[in-house]
Amino acid sequence: MSDLALPGAVARRDPAQRRLAGHGGPAGNGSTVNHGAAGRDGTAGRNGMKGHGGTAHGTAGRTGTGHGSQAGRVRREPATVQAVALYSLPGTPPQGLSGAKVIAGTKGTLSHLLIPDPLPGMRRVLALWLEGRTAVLGPVVPVEDAVISLGWARKLLTMVPQGASGGIHFVDDHLATLLLFQDPLLAGRLSAKWLARLAELTPQQREWTEETLLAWLEGGGTLPAARLLRIHPQAVRNRLRSLEKIFGSGLRDPRARFELLLALKIQIMAAEYARLRRRAGMLSLLQTPVTQRNGRTAGR
């Protein structure tokens, strides 16, 4: 599983953050995308309001008033931002996504959107705009923390291979996964520390051993495990006796039980990730024209 390091200090701002806060023009490979003139209420924009006799008067921020085009250029700095990580950028954003400009950019093979002050109902509008693209939404955070939200969203996106699962995913729904796989090598070492002891078992023996151990750890005892597995409690006790031969006193140590549970969860998540990658590869192959596949095969 590819790793993506989280940014360091929260206080450091990248060019996109500086543009969000109104501290300078475009920089790097990001770009700003305007919604159009309509504001939240569909009138003359966020800083405009209808005047008497059909004329429009600009406002100088929330409290001050002004007239003409100069006042219309005054814009309140956004307070929050939501990061969106995705593999390819969509077209022009529709109205109703945000009251301010959306910043779009690309870094490496991943693209991103930064949506200032996201409005209620954004998910529905965003889903229509993305047109089935796989995307990950980071949490809504203060502008100065935009790099953190984007880092989390990018990390989770790398765990949803392109083409494997279209649709929108939320960082807040996968916090445990992100935490466990922030360092894939360390996660793999923890899993191997405990589950390597099952290497000499047959595939069937390993399957029931792992499912019994997981049910016992999650359920908190023999009876809950029996209910989860839908087997007799005595069958669970028999299996636990076999588990004690493998893991010894570790089953009675709270710290060891916690690590065992993490090891099992890591293995389950890694298997799901591998399944998604296989599915993405199969979908990519199916979408390739037959003539191109045949030519590729003949060239081997």
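Computed from a predicted structure; not experimentally measured. (Residues numbered from 1 in each chain as written. Predicted model: local features only at pLDDT ≥ 70, side-chain atom pairs only at ≥ 80, totals over all residues. Heavy atoms only, no water.)

What follows covers the nonpolar core. The nonpolar side chains of a soluble globular protein tend to be buried with one another. Within the largest apolar cluster, 27 residues are counted, with the highest numbers of intra-cluster contacts made by W194, L213, W216, F247, L251 and L260. Breaking this core down by element, the ones donating at least two residues are helix 6 (184-195), helix 7 (203-219), helix 8 (222-229), helix 9 (233-247) and helix 10 (254-287). The element contributing the most residues to this core is helix 10, with 6 residues. Setting aside residues no more than four positions away along its own chain, W194 makes contact with F247, A256, E259, L260 and A263. The next biggest cluster of nonpolar side chains, apart from the first, holds 16 residues, and it includes A104, M122, A135 and I168. (Core = buried A, V, L, I, M, F, W, Y, C linked by side-chain atoms within 4.5 Å. Buried < 20%, exposed > 50% of the residue type's maximum accessible area, 1.4 Å probe, protein only. Helix = DSSP H or I, 4+ residues; strand = E, 2+ residues; numbered from the N terminus. Contact = heavy atoms within 4.5 Å.)

So, on to the environment of T106. With respect to the element layout, T106 can be found in strand 6 (residues 102-107). Residue T106 is classed as partly exposed on the basis of its relative accessible area of 28%. Along the chain, T106 and L86 lie 20 residues apart, while their C-alpha atoms are 9.4 Å from each other. Of the polar contacts made by the side chain of T106, one reaches the side chain of S111; its length is 3.2 Å. (Polar contact = N/O pair within 3.5 Å; in protein donor to acceptor, adjacent residues only side chain to side chain.)

One pass over the structure, following the stated rule, counts 5 salt bridges. Between K193 and E259 there is a salt bridge; the shortest N-O distance is 2.9 Å. Residue K193 is located in helix 6, and its partner E259 is located in helix 10; the two are separated by 66 residues in the primary sequence. Given a relative accessible area of 46%, K193 falls into the partly exposed group. For R206, the salt bridge goes to E210, with nearest N and O atoms at 2.7 Å. Note that R206 and E210 are positioned in helix 7 at a spacing of 4 residues, about one turn of the helix. Using a relative accessible area of 24% as the deciding quantity, one classes R206 as partly exposed. For E210, a relative accessible area of 15% puts it in the buried group. (Salt bridge = Lys/Arg side-chain N within 4 Å of Asp/Glu carboxyl O.)

Here strand 8 (residues 134-137) shows a buried face lined by T134 and V136 and a second buried face lined by A135 and L137. Relative to strand 8, strand 5 (residues 80-86) runs antiparallel, the two sharing 3 bridges. Each residue of the ladder has a partner; that of A85, found in strand 8, is V136. By the bridge criterion, 4 bridges tie strand 8 to strand 10 (residues 167-170) in an arrangement that is parallel. For L137, the partnering residue across the bridge sits in strand 10 and is F170. (Pairing = 2+ DSSP bridges.)

Quick look at the packing of helix 7 against helix 8 now. Between two packed helices, both the angle of their axes relative to each other and the distance between the axes serve to describe the pair. Across the interface, helix 7 lies against helix 8 with an axial gap of 8 Å and an inter-helix angle of 125°. Here helix 7 is positioned oblique relative to helix 8, judged by the angle of their axes. Once helix 7 is placed against helix 8, the crossing between them reads as right-handed. Every residue of helix 8 that contacts helix 7 at E211, T212, A215, W216 and G219 is listed here: T222, P224, A225, L228 and L229. Split into classes, the residues belonging to the contact of helix 7 with helix 8 amount to 6 nonpolar, 3 polar and 1 charged. (Axes fitted to C-alpha atoms, helices over the stretch in contact; angles between N-to-C directions. Parallel < 35°, antiparallel > 145°, perpendicular 65-115°, else oblique. Left-handed = near helix turned anticlockwise from the far one by under 90°. Nonpolar A, V, L, I, M, F, W, Y, C, P; charged D, E, K, R; others polar.)

One can describe the packing of helix 8 onto helix 9 by two numbers: an axis separation of 8 Å at closest approach and a directional angle of 110°. Classified by the interaxial angle, the pair formed by helix 8 and helix 9 is roughly perpendicular. Taking contact as the criterion, the partners of T222, L223, A225, A226 and L229 in helix 8 are, on helix 9, P233, V236, R237, R239 and L240. Class assignment for the residues of the contact of helix 8 with helix 9 results in 7 nonpolar, 1 polar and 2 charged.

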